[in-house]
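# What the coordinates show
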Amino acid sequence: MNPESVKSLKVGICGLGTVGGGTFALLQNNQDEIRARLGCDIEVVAIASRNLDAANWPGVSQAASDVFAVVNDEAVDIVVETLGGFDPAFEVVRQALANGKHVVTANKALIAERGSELFPIAHKHGVCLAYESAVAGGIPIIKALREGLAANRIEWLAGIINGTGNFILTEMAAHGRQFDDVLQQAQALGYAEADPALDVEGIDAAHKLSIMAAIAFGIPLQFHKTYTEGISHITPEDIDYAAELGYRIKHLGIAKLSAQGVELRVHPTLISKKRLLANVDGVGNAVVVHGNAVGSTLYSGPGAGAEATASAVVADIIDIGRAMLAGLEQPLLPALGFQSLRGEIPVLDIEEIVSEYYLKISAQDKVGVMAKISNLLQQHAISIEAVIQKEAVSESVPIVILTHSAVEKQLNQAIAAIENLEDVNGAVMRIRVESFGGK
Ligand SMILES: NC(=O)c1ccc[n+]([C@@H]2O[C@H](COP(=O)([O-])OP(=O)(O)OC[C@H]3O[C@@H](n4cnc5c(N)ncnc54)[C@H](OP(=O)(O)O)[C@@H]3O)[C@@H](O)[C@H]2O)c1
């Protein structure tokens, strides 16, 4: 494209639901601001979505139900993919890139699971594939990792990156409600998917975590190696016991780089109440990134919703527009894709990690049970930091233990031995504790 001749950037949007519709509205509502910033107009010239009523989308010359009409529209410079899922989203993005069009997507599943197939196509055709809105909605975390923190060796990052899960844990903590009850409310409010597994089992968070880790550490996208554990087994009692010990329970995505490899894990986590991250409530998202030069920085804000997510989609469009106007599209590519800074580096198995742990054991109300439990922990090189022993409920008494750091494999062996004790009823509840290098 000859930058001199650009009067307006031509955008096509595939998928006019929450994010696509929000993007259309934001481009219209803030057009004066955007024009002033960018130096030219952004025009939506083509849209496609199922059951589209063209009357609802004024000023668009092409409105279709077939998304490939946008992908093959010669007038379109930038395709926005806000369909979700893989089919037809993958083919839409692939064909758009192959047709020499830049693509902006909000689709974290697509980037996390199939990005490594798509970035080489973008590179081959000299176009950009941008995905700021795919991680933490409106929070510009991709830009922060890629640009603001580019001088750092990033050592770890941790975040609340699924608003639905955070809403559920917040409600459980505030009102002592059960998981299932709050999940139903989250679905009624439109926060949770009809199939909530993506949210509450940590899959959505694992998509986002694997994308952030790839940029932060310069490693390949490794969603399939990310350990995921959901929050459905957390009870209001666990939240209360954690609070007694000075902690809150959050569903965290954690990525750490060490000499042994990289940790990629999503699971419920106890965090000290004093940490800012522990106090991010409701549907909010927040990510802490620790760089070796800057230390810890925190990014928080709305992780979902039409306007917040559109804010990130439009920021990507503006970035690409600036590069187009400057004739710099090709140099943007390595920065937008995933750069390999370290080559092959192993992703550690969850049994190899070292963490502190919260354990809840239901034991019979007999003399000597606590001694047997602490003996078994000691035999596996696990020391106890704190204990809460409650009043007996019928025959059984809940024992809550906070351990010092231990290797997870040894902790698992200790738990198996504790569960084998005659005086212990049922499974031991285990939740990892994260101290981020200090309490
Ligand atoms: N919602 C958020 O807050 C948020 C935040 C960050 C990222 N994202 C990501 O953004 C993407 C879109 O999410 P969304 O919440 O906007 O979803 P959505 O509201 O369901 O919108 C998707 C739109 O695409 C249409 N569509 C889907 N498949 C189609 C096909 N084959 N042909 C034509 N139209 C098709 C849908 O039509 P129907 O309505 O008929 O199905 C719907 O209008 C997803 O990847 C999501 O993970 C969403």
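The rules behind each value
Residues numbered from 1 in each chain as written. Predicted model: local features only at pLDDT ≥ 70, side-chain atom pairs only at ≥ 80, totals over all residues. Pairing = 2+ DSSP bridges. Helix = DSSP H or I, 4+ residues; strand = E, 2+ residues; numbered from the N terminus. Near = placed C-beta within 6 Å. Nonpolar A, V, L, I, M, F, W, Y, C, P; charged D, E, K, R; others polar. Domains from an automatic or database assignment. Expected span 1.5 Å × (residues − 1). Bend = angle between axes of the 7 residues up to and from the residue. Buried ≥ 20, exposed ≤ 12 C-beta atoms within 10 Å, placed from the backbone.

Taking strand neighbours across the sheet as the criterion, the six strands line up as 3-2-1-4-5-6 in an open arrangement whose pairing is parallel. Looking at the sheet topology across the chains shown, the edges are occupied by strand 3 (62-64) and strand 6 (129-130). In terms of strand pairing, strand 1 (residues 8-14) meets strand 2 (residues 41-48) through seven bridges, oriented parallel. Bridged to S8 within strand 2 is D41.

In the vicinity of the ligand there are 23 residues, among which G15, G17, G84, A106 and A304 approach most closely. In the shell around the ligand, the residues fall into seven nonpolar, 14 polar and two charged.

Here we come to the domain arrangement of the chain. Considered domain by domain, the chain is made up of domain 1 (3-137 + 306-336), domain 2 (153-301) and domain 3 (351-433). A straight line from the C-alpha centre of domain 1 to that of domain 3 covers 52 Å.

Our next topic: helix 5 (residues 108-125). Taking 1.5 Å of rise per residue, 18 residues should cover 26 Å, yet helix 5 covers just 22 Å from first to last C-alpha, more than 12% shy of that figure. At G115, helix 5 shows its largest kink, close to 85°. Looking at helix 5, one finds that the buried residues are K108, A109, L110, I111, A112, G115, L118, F119 and A122. Once helix 5 finishes, G126 follows within two positions and takes phi at roughly 70°, a positive value.

Moving on, we get to the pairing of strand 2. For strand 2 and strand 3, the ladder comprises three bridges, and the chain directions are parallel. Pairing of A48 across the sheet is with A64, part of strand 3.

Let us now look at unusual backbone geometry. Backbone torsion omega between D87 and P88 reads 10°, so that peptide bond is classified as cis. Here P88 is to be found in the loop between strand 4 (78-81) and helix 4 (89-98). Residue N51 is not a glycine yet carries a positive backbone phi of 50°. Position of N51 relative to the elements: it lies in the loop between strand 2 and strand 3.

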